Structures are given as C-alpha cells and as structure tokens.
Amino acid sequence: MTASIRPLIAGNWKMNGLKASLGEFEAMLAGAPQVAARADLLVCPPATLVAAFAEKAKSAKALAVGAQDCHPKASGAHTGDISAEMLADAGASAIIVGHSERRADHGESDALVRQKAEAVWRAGLTAIVCIGETRHQRDAGQTLDICGGQLNLSLPDGASAGNLVVAYEPVWAIGTGLTPTVADVEQVHRFIRGLLIDRFKEEGARMRILYGGSVKPSNAGELMAVESVNGALVGGASLKAADFLAIAAAI
C-alpha cells in the first residue's frame, strides 16, 4: 500500500444479482462502518439494481454504489444502452470502463474506452479504467507493452486523482483462481505508477491503482501489502457480504 493514498475496495458484480440480492447488499451496508476507517468501499451491481442499491445507501457514508459500463453519448437513439448521466441520476458515483470482458465480448477499443471515461467525467462521476494482458501476451513477455499501450490510449487528458482510478486486471487471472506472484503484481503496478507520474505529474502520484483478478479473503492481505497497490477490484468474492468485507478488513 501507499501510505498517503486512501485505498478503495470496489466490487464488480458483473451480470449477477436480482432484487433478492438486496439483502446481501444490506449486510454489506451493516458491516461497512467497521472498515470505513481504513478504506473506501464501492459496489457496482448490474444496471437494474443501481437505483435500488443507491437508495439503500443514501444515508450511508461508508459504502458507495457504482456502475459497470456506460455509453459515450449523453442521450440519443442507442437502443439498450445507458448513459453516464442516467447512471448518475440513478445514484452511481463511479463507473467501470474498459473491463477486459467488455473489450473481449464487445470488441471495445482503447479509443472507445477513452470516450467512455470522458463521458463518466461529463456526468461528474469517477472513472475506473481497466487494463490488463491475456495469458498469451504474458507468455510472450508483452505484459508491460500491452498495459502501457492500453493505459496511454484509454486515459483522457485532464485525469486527476479525484476523477480517475486505474485497475490492473491480468485477464488470465479473472475468475480462474490464478493470481500473479507478488513480485509480478509489484512490477506492473510500479510500471503503471511511473507512467501516471510521467503524464499527470503530481496527480499521477496520487491516483489509486487497484489490483483485480481472483482477489479473495485468503490472498487479499498479501496483495494489498504490495507497494503501489491501492486497493482491489473484486469480482466473484464481492457477491457475498462476508467475503467482500473480509477483503476490505485485510487492509
């Protein structure tokens, strides 16, 4: 961890959750104050639950609600899409953009991710921009090249510690139970920090860099202790209040 940067534990529920999941979120709200002194907490449910979760969290200061994606435009003839302004209106405070599953499943380019990040800022929210390499790219020794290219092309100018969070998620570790070694995570996060400082100067030194990819209570403490790891973007383990809160407590 970087002592001067307040950590963020963000949960990405992906395409999981129905109205019945509200009870699990209420359990998170109940336990959040116990870890709020150590970290900010954010839960990003599917769009169908953002408003309901945000309403429940309205009076809570220890847990915020975010969203998982947005359209670059504020409105228009884009059937099935949701704008950042709509998500802000529903109560979201942050939006994940550029997740590897969006890049792979929907062919999202770095340029589109950049446009979406700009849309998030336009709505007054925080953009969580994801980057990460595939197993093939890692085996080919391309991890830093891939991450550096995605970072440079996906981040808009004008980024600050207040409006941007970077999440490093090695694609091959997402949902597989596999994680890089601590040394590997440290290398990539140190590399990302250097690029952020080169481009954004003092703001780059203050931006939060999250690690994601099979984060769970059993490995959270070790991962969160790595220099330049300023929190986690948690997938499957964020669906259960006990696991999500245990990861936050590991800081």
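Residues numbered from 1 in each chain as written. Predicted model: local features only at pLDDT ≥ 70, side-chain atom pairs only at ≥ 80, totals over all residues. Heavy atoms only, no water.

Looking at the environment of Ser-83
Worth spelling out the cut-off: For helices the rule is a DSSP run of H or I covering at least 4 residues; for strands it is a run of E covering at least 2, with both sets numbered from the N terminus onward. Think of a polar contact as two N or O atoms within 3.5 Å of one another; within protein, one of them needs to be a possible hydrogen donor and the other a possible acceptor, and neighboring residues in sequence only count if both atoms come from side chains.
Mapped onto the elements of the fold, Ser-83 is located in the loop between strand S3 (64–65) and helix H3 (84–90). Only 3.1 Å separates the side chain of Ser-83 from the backbone nitrogen of Met-86, close enough to count as a polar contact.

Remarks on the pattern of salt bridges
Charged atoms that come close allow side chains of opposite charge to pair. Short version of the rule: What makes a salt bridge here is a side-chain nitrogen of Lys or Arg within 4 Å of a carboxyl oxygen of Asp or Glu, nothing more. Each residue is assigned to one of three classes by its accessible area relative to the maximum for its type, calculated with a 1.4 Å probe on protein chains only: buried under 20%, partly exposed between the two thresholds, exposed over 50%.
The tally for this structure, following the rule as stated, stands at 18 salt bridges. In this structure, Asp-69 and Arg-102 form a salt bridge, with 3.2 Å as the shortest nitrogen-oxygen distance. Of this pair, Asp-69 sits in the loop between S3 and H3 while Arg-102 sits in helix H4 (residues 100–105), and the two are 33 residues apart along the sequence. Asp-69 sits in the buried class, given a relative accessible area of 19%. Among the ionic pairs, Arg-206 bridges to Glu-203, the shortest N-O distance being 2.9 Å. Remark: Glu-203 and Arg-206 occur in helix H9 (residues 202–206); sequence separation between them is 3 residues, near one turn of the helix.

Comments concerning the packing of aromatic side chains
The line we're drawing: Note on ring pairs: Phe, Tyr and Trp rings are taken, using the six-membered ring of Trp, and paired if centres are within 6.5 Å. Classes follow the plane angle, with under 30 degrees stacked, over 60 edge-to-face and the rest tilted. Charges are assigned to positions over rings by a cutoff of 6 Å between ring centre and Lys NZ or Arg CZ, combined with an angular limit of 35 degrees from the ring normal.
Taken as a whole and judged by the stated rule, the model has 3 aromatic pairs. Ring-pair connections join several aromatic residues into one group, and the members of that group are Trp-13, Phe-25 and Phe-53. The aromatic ring of Trp-172 is capped on one face by Arg-135, whose charged end is 4.7 Å from the ring centroid.

So far we have only geometry, and geometry alone does not tell us how the molecule works.
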